[in-house]
Amino acid sequence: MRSLGLYLHIPFCKSKCRYCDFCSFPQKNGAAVEAYLASLSHEIAAYGRMCGAYTVNTVYFGGGTPTYLSAEQLASLLLTVREHFAVSEDAEISTECNPATVDVAALTTLRRAGFDRLSIGAQSLSDGELALLGRAHSAADFRATFLAAREAGFENISVDLMFGIPSQTVDSFRQTLEGLVALGPEHISAYGLKIEEGTPFWRELETLALPNEDEERQMYMDAVDFLAAWGYARYEISNFAKMGYESRHNLRYWEREDYLGMGLAAYSCLGFDRFSNTCDLSSYLSGERVADRETVSAHDALCEAIMLGMRLEKGVNFSALAKIHGDAAWDYQNHLAKYEKGGFVRKTDHGFAFTSEGMYVSNAILSEILDFE
């Protein structure tokens, strides 16, 4: 049977962060949440009837803040997934979690329900930086949530960090890294802050005390070196893991494997078919779910495979791509080879991968060589 990853979007949160442009709604009442869960359960059942040829080996609850729901509601959703899909016994089942939204009892309920991976959105261990981001938790809240997750039996914990935060310095980011590795999570994601149009940060852009380009680059390079010294191997541009703890679900995205998104604004990729759900809550609740659908051309599929694959530390196997896409794959390898002399890419046994310098400017390089239709 073919394997499949499932993503379930929970669009609710306690409050909207100042940088956030995700499809999320703060402080929705219980009736709205229940209506959403009913619609999501119907969608799960409908897709379950269509996906009998698949075995699900990753399930990921994202948001928003999935733990805005009660542990019992999340456990019930997971049970609904199991009732309608063939979920493998060793499936990776993850949920995102914001600090101070759960306690030991709730986390124990999640663990007993089958969740085996927790992704905690710390973003920073500086209270000043958290306040500037508009986060609804403190550094102490994060530590308490992390320790509660350990007490509840979670042995696979990922933590999200940001760099490039207003007023953040190279030193303060290093202190966050040091505080985090002292706790010993299995996985760390470190993302550069992006100022998205329509967010409070976008409107305040001229007044934000953002680190300059050199400082932000230094933060990234420091993360790579520091985390490697503590046993966290970079396996993707922004993701670091102890051996064996890479995110199996996110690897599906980067390796262009099949995944199905359910819930508001969720995105799906099944072979060459791409479709996404509406961002409008009223439409979703009325059953009008899929808002956009396309079939990707073979050319764009090749470009997509290179764009996503080059995010990975192992890079792209152009020999394998050529077996699928023919000589066009070698043309793109030749384009990438031009960056070897500048130290941005390195040769592998089967193709090319970015160096650390190349990883940091990967978007610029890939946008220059790829020609999506």
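Cut-off values and rules
- Residues numbered from 1 in each chain as written.
- Predicted model: local features only at pLDDT ≥ 70, side-chain atom pairs only at ≥ 80, totals over all residues.
- Heavy atoms only, no water.
- Helix = DSSP H or I, 4+ residues; strand = E, 2+ residues; numbered from the N terminus.
- Rg over C-alpha atoms; globule rule 2.2 N^0.38 Å.
- Buried < 20%, exposed > 50% of the residue type's maximum accessible area, 1.4 Å probe, protein only.
- Contact = heavy atoms within 4.5 Å.
- Areas by Shrake-Rupley, 256 points an atom, 1.4 Å probe, with all protein chains shown as cover.
- Lys, Arg positive; Asp, Glu negative; His and termini not counted.
- Charge placed at Lys NZ, Arg CZ, Asp CG, Glu CD.
- Pairing = 2+ DSSP bridges.
- Core = buried A, V, L, I, M, F, W, Y, C linked by side-chain atoms within 4.5 Å.

J.: What is the right way to read the overall build of the protein from this model?
T.: Across its full length, the protein holds 15 helices and 17 strands. Over its C-alpha trace the protein gives a radius of gyration of 21 Å, about what one expects of a compact globule, namely 21 Å for 373 residues. Along the longest, intermediate and shortest principal axes, the C-alpha atoms of the protein span 60 × 50 × 40 Å. In the protein, which comprises 373 residues, the proportion classed as buried is 52%. A sequence separation of at least 24 residues applies to 70% of the contacts in the protein between residues at least 6 apart. In the structure as shown, the protein presents an accessible area of about 16500 Å², 50% of it carried by carbon and sulfur atoms. The positive charge centre, built from 32 side chains, and the negative charge centre, built from 51, are 3 Å apart in the protein.

J.: Explain the sheet that holds strand 16 (residues 345–347) to me, please; I cannot follow it from the model alone.
T.: Adjacent strands of a sheet pair through backbone hydrogen bonds, lying either parallel or antiparallel. If you trace the three strands from one edge of the open sheet to the other, you get 15-17-16, paired in antiparallel fashion. A strand with exactly one partner marks an edge of an open sheet, and here the two such strands are strand 15 (316–317) and strand 16.

J.: Would you mind going over the nonpolar core with me for this structure?
T.: Soluble globular proteins tend to pack their nonpolar side chains together in the buried interior. In this structure, Leu6 and Phe85 are the most contacted members of the largest nonpolar core, which totals 92 residues. Broken down by element, the residue count for this core peaks at seven residues, all from helix 8 (residues 213–229). Those residues in contact with Phe85 that sit more than four places away from it in its chain are Leu4, Leu6, Ile44, Tyr47, Gly48, Cys51, Val56, Leu260 and Met262. The next biggest cluster of nonpolar side chains, apart from the first, holds nine residues, and it includes Cys17, Cys20, Met162 and Leu193.

J.: Honestly, unusual backbone geometry in this entry has me stumped. Any pointers?
T.: Where the residue is not glycine, phi is negative for most of them; where a peptide bond is considered, it is trans in most cases. Looking along the chain, the bond that leaves Gly63 and enters Gly64 is cis, with omega of 20°. Tracing the sequence through the fold places Gly64 in the loop between strand 4 (54–63) and helix 2 (71–84). Unlike most non-glycine residues, Ser167 shows phi in positive territory, near 70°. Positionally, Ser167 belongs in the loop between strand 7 (157–163) and helix 6 (170–183). When its relative accessible area of 47% is taken as the criterion, Ser167 is described as partly exposed.

Spatial relationships are all this shows, so hold off on functional conclusions.
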